[in-house]
Amino acid sequence: MELLVASSIGMMTAVGIFLMLRLRTFPVIVGLTMISYACNVFIFASGRVVAGLPPILSKDATAYSDPLPQALVLTAIVISFGMTAVLVMIALGAFFEAGDDRIDLDEEGAE
Amino acid sequence: MMSHWIIAPVVLPAIIGAFTLLVLRNTLVTARTVSTAATAILLAIALYLMWGASHEGPEAYFLGNWPAPFGIVLVLDRLSALMVALAAFLALVVQLYAIGTGWDAKGRHFHALWQFQLMGICGAFLTGDAFNLFVFFEVLLIASYGLMIHGGGRDRLKAGVQYVAYNLVGSTLFLLGLATIYSVTGTLNMADLAAKLPSLPEGDAALIRVAGVMLLMVFAIKGALVPLHTWLPATYAQAPGPVSALFAVMTKVGAYAVIRLYTLAFPADLPATGPLFADLILAAALITLAVGGLGVLGARSLGRLVAFAAVTSMGTLFVAVAQFTPEATAAALYYALHSTLAAGALFLLADLVLARRGQDRLTAAPRIAQQGLIAGLFMAAAIAAAGMPPLSGFLGKLLILDATRGPWLAVIWSGVLASSFLVILGFAKAGAVLFWKSHADTTPPAPHAPQPLAFVAVGALMAGLVGLTLAAGPVTAWLATTAAELHDPAAYIAANKLGGQ
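Values in this document were obtained by computation on a predicted structure and should not be read as measured data.

## Some thoughts on the overall build of chain A
Now for step 1: Each helix and strand counted, chain A has three helices and zero strands in total.
Now for step 2: Moving toward the C terminus, one meets the helices and strands of chain A in the order α-α-α.
Now for step 3: Taking 111 residues into account, the globule formula puts the C-alpha radius of gyration at 13 Å, and chain A, at 19 Å, lies well above it.
Now for step 4: In terms of overall dimensions, chain A has a C-alpha envelope of 65 × 25 × 20 Å along the principal axes.
Now for step 5: If you take every contact in chain A between residues at least 6 apart in sequence, the share linking residues at least 24 apart comes to 55%.
Now for step 6: For chain A, the exposed area adds up to about 6,600 Å²; of that, 73% sits on carbon and sulfur atoms.

So this is what it looks like as structure tokens:
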């Protein structure tokens, strides 16, 4: 199971980085979303990967999984959701103003 | 006992921001009054907290009364109180400028976003928990996204997309770093980290180094350290003038986080990491100095010139931070105070010029309204920013050079002095083109409203710089105690009452 989790985190990060380096806003946003998925799984795994153990007190539990990363990942998911939504809105605004969704500023060096 | 006052800098802007958003969004005059009054009260609270922190030492505020490290704590100490006061002062002055120039009328939610921005900044300065630091970073970022694109426009929105995307990557890195730290130590409370990291098992040293470097990269993005500074020039040049001026304190959030975490949790005598972070910061800071100096020299618009001057000042600041000695940290704090005010003043002046010229390219153009006053203020602010006597920039750089020790002495001295020279040259060239060459053109300047409040705001920032220069003795003495407290964090850790003592 560790192998599965680790390789899926790695795969999503790689895809995310590849997409992020594109020159259009849409792939960049998808790439950022992929990276934040990878990040969420990573946070989840930071409490050690265990199966079938309860995170909260229970009478017949022999061991527990760490509840804190689950709380952290919830915060991270909410925040990355909100941030992505803001990015989409700003990107849409830029698209309607500029007429294209190229990510680079025109005449960047020359202003 | 400062007790509940510690949370006031977070709660007050949060309430006022929500209130402004829901109730006052259609009444500009009331929104201006309420928001400015709230920022003034915030400044008063910050000064009271500063007084308390310097008399009673660090104090923790346990949210929900949960004991650390299980609950979230805010910790008030000299550094956090100082930074909150600095942010509140800058915000108040710049807010007056935004009102005086009518910037805040160009969109409906300026004051609400302004308050949320302050909430995030104050929270980031006060929190004693690394994950909570991330949350406050996000609060200040999401407000800054709104402020950055305030007023709209094609170029601003495009620069906004870059800014948001860059910071989203930064946030992801922050989370990855925090998760790694948690998986190694099982805690994210900063004081608890400081207590646990020295006894880390050998096998986890590599992980903690990776996590430390990831966090350092996040703070380097915020603090505009090369090579992670690339978002700054476009953002600062495109953002509305008053917003860029407030962002002058945002780069200091990055510097603050480095000073806080890397003196508390990752000091140079930590066996797992050693001087790794100090070396990385120093190298990046020296390159930042060069890039910033050359950027100032090569900039073709006033906005970019000032933005690169801000990059240079962050380079200077991080050169001092990287040495991690009490003397150098005290010098860094003095320079941070100075460079925040100086950068704020310069961004406001650049905005005044932009409003009167219609564009901010560094080319000869007819004279502008209120040219004499703006030119005089620009010269004073440029002298301060470049670090020439008699203003506080000179003192700040002198303190930094004086505190420098070790094998890198010659490189640091030449780097700081050479970059100062480039900045002086860049500002002299810009000032000559903007204000001198226009006299050749005898057409009368296009009329422009005098906007007295805007000049009062710039004047207040300059007065702050003069005050910082005149009161350099008491200020540096206070900062020396602050730095000593940072490098001997026993009191800070004890304030967290770990293990329920």
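From this point, the narrative continues.
## Description of the interface of chain A and chain B
Now for step 1: At the junction of the two partners, chain A supplies 36 residues and chain B supplies 33 residues.
Now for step 2: Between chain A and chain B, the buried area comes to about 3,200 Å², and carbon and sulfur atoms account for 72% of it.
Now for step 3: Summed over the shared surface of chain A and chain B, the number is one salt bridge.
Now for step 4: There are five residue pairs in polar contact (both at pLDDT 80 or more) connecting chain A and chain B.

## Looking at the packing of helix α1 (residues 2-20) of chain A against helix α2 (residues 25-45) of chain A
Residues and elements named next belong to chain A.
Now for step 1: Here α1 crosses α2 at 155°, and the two axes come no closer than 7 Å. Classified by the angle between their axes, α1 and α2 sit roughly antiparallel to one another. Like other packed secondary-structure pairs, α1 and α2 cross with a definite hand, here left-handed. Taking contact as the criterion, the partners of V5, I9, M12, T13, V15, G16, I17, L19 and M20 in α1 are, on α2, P27, V28, V30, G31, L32, M34, I35, Y37, A38, V41, F42 and A45.

## Focus: the pattern of salt bridges
Now for step 1: A full pass over the atoms with the stated rule returns nine salt bridges over all chains.
Now for step 2: With a shortest N-O distance of 3.3 Å, K158 of chain B and D100 of chain A are connected by a salt bridge. With K158 of chain B in helix α6 (residues 154-185) and D100 of chain A in the segment after α3 (67-98), this residue pair bridges two chains.
Now for step 3: Judged by its relative accessible area of 3%, K158 of chain B falls in the buried class.

## A short note on the packing of α3 of chain A against helix α5 (residues 130-148) of chain B
Now for step 1: Running from N to C, α3 of chain A and α5 of chain B point in directions that differ by 15°, and their axes come no closer than 11 Å. Classified by the interaxial angle, the pair formed by α3 of chain A and α5 of chain B is roughly parallel. Considering the relative orientation of α3 of chain A and α5 of chain B, their crossing is left-handed. The residues of α5 of chain B that touch α3 of chain A, namely those facing L72, T75, I79, M83, V86 and I90 of chain A, are F131, F134, V135, E138, I142 and Y145 of chain B.
Now for step 2: Among the residues making up the contact of α3 of chain A with α5 of chain B, the classes are represented as ten nonpolar, one polar and one charged.

## Some details on the pairing of strand β1 (residues 59-62) of chain B
Residue and element names in this part refer to chain B.
Now for step 1: Along β1, one buried face is formed by E59 and Y61 and the opposite face, lined by A60 and F62, is buried too.
Now for step 2: In this structure, β1 lies alongside strand β2 (residues 73-76), joined through four bridges in antiparallel fashion. Note on β2: the bridge partner recorded for A60 is V75.

## Observations regarding helix α15 (residues 392-403) of chain B
Residue and element names in this part refer to chain B.
Now for step 1: Given a rise of 1.5 Å per residue, twelve residues ought to cover 16 Å, and the 16 Å separating the end C-alpha atoms of α15 matches this to within 8%.
Now for step 2: Burial in α15 covers these residues: S392, G393, G396, K397, I400, L401 and A403.
Now for step 3: The inward-facing, buried residues of α15 abut α12 (302-321), α13 (326-357), α14 (371-386), α16 (409-436) and α17 (452-470).

## Comments concerning helix α10 (residues 241-264) of chain B
All names here are of chain B.
Now for step 1: Here α10 spans 35 Å end to end across 24 residues, near enough to the 34 Å set by a 1.5 Å rise per residue.
Now for step 2: At A248, α10 shows its maximal bend, which comes to roughly 25°.
Now for step 3: Counting buried residues along α10, 24 of its 24 residues qualify, which places the element largely inside the surrounding structure.

## Here's the deal with the confidence of the model for chain A
Now for step 1: Across chain A, pLDDT averages 88, with 95% of residues at or above 70.
Now for step 2: Across chain A, the element-wise mean pLDDT spans from 91 in α3 of chain A up to 94 in α1 of chain A.

## Considering unusual backbone geometry
Residues and elements named next belong to chain B.
Now for step 1: Of note, the amide linkage connecting V226 to P227 takes the cis form, showing an omega dihedral of 5°.
Now for step 2: In this model, P389 is joined to P390 through a cis peptide bond whose omega is 10°.
Now for step 3: Assignment of secondary structure puts P390 in the loop between α14 and α15.
Now for step 4: Despite not being glycine, A224 has its phi angle at roughly 60°, a positive value.
Now for step 5: Among the structural elements, A224 can be located in the loop between α8 (205-222) and α9 (231-238).
Now for step 6: Its identity as a non-glycine residue notwithstanding, F324 has a phi of 50°, on the positive side.

## Topic: the side chain of D77 of chain B
Residues and elements named next belong to chain B.
Now for step 1: Counting through the fold element by element, D77 comes out in the loop between β2 and α3 (78-101).
Now for step 2: For D77, a relative accessible area of 3% puts it in the buried group.
Now for step 3: In contact with D77, other than residues within four places in its own chain, are A53, P58, R260, E485, L486 and Y492.

## Examining the side chain of K252 of chain B
Residue and element names in this part refer to chain B.
Now for step 1: Within the secondary structure layout, K252 lies in helix α10.
Now for step 2: Despite its burial, K252 pairs with no opposite charge; the closest candidate is D77, at 18 Å N-O.
Now for step 3: Dropping the residues within four chain positions of it, K252 is found in contact with M83, F125, M314, L317, A336, S339 and T340.

## What to know about the environment of A44 of chain B
Now for step 1: Here A44 of chain B lies in helix α2 (residues 28-56).
Now for step 2: The spatial distance from the C-alpha of A44 of chain B to the C-alpha of Q323 of chain B is 33 Å, given a sequence separation of 279 residues.

## Comments concerning the nonpolar core
All names here are of chain B.
Now for step 1: The biggest cluster of nonpolar side chains holds 217 residues, and the ones touching the most others in it are F219 and Y262.
Now for step 2: For this core, the leading source of residues is α13, giving 19 residues.
Now for step 3: With sequence-adjacent residues up to four places away left out, F219 is seen in contact with L133, F137, F174, G254, A257, V258, L261 and Y262.

Conventions adopted
- Residues numbered from 1 in each chain as written.
- Chains lettered and ligands numbered in written order.
- Predicted model: local features only at pLDDT ≥ 70, side-chain atom pairs only at ≥ 80, totals over all residues.
- Heavy atoms only, no water.
- Helix = DSSP H or I, 4+ residues; strand = E, 2+ residues; numbered from the N terminus.
- Rg over C-alpha atoms; globule rule 2.2 N^0.38 Å.
- Contact = heavy atoms within 4.5 Å.
- Areas by Shrake-Rupley, 256 points an atom, 1.4 Å probe, with all protein chains shown as cover.
- Buried area = accessible area lost by both parts, 1.4 Å probe.
- Salt bridge = Lys/Arg side-chain N within 4 Å of Asp/Glu carboxyl O.
- Polar contact = N/O pair within 3.5 Å; in protein donor to acceptor, adjacent residues only side chain to side chain.
- Axes fitted to C-alpha atoms, helices over the stretch in contact; angles between N-to-C directions.
- Parallel < 35°, antiparallel > 145°, perpendicular 65-115°, else oblique.
- Left-handed = near helix turned anticlockwise from the far one by under 90°.
- Buried < 20%, exposed > 50% of the residue type's maximum accessible area, 1.4 Å probe, protein only.
- Nonpolar A, V, L, I, M, F, W, Y, C, P; charged D, E, K, R; others polar.
- Pairing = 2+ DSSP bridges.
- Expected span 1.5 Å × (residues − 1).
- Bend = angle between axes of the 7 residues up to and from the residue.
- pLDDT = per-residue confidence, 0-100.
- Lys, Arg positive; Asp, Glu negative; His and termini not counted.
- Core = buried A, V, L, I, M, F, W, Y, C linked by side-chain atoms within 4.5 Å.

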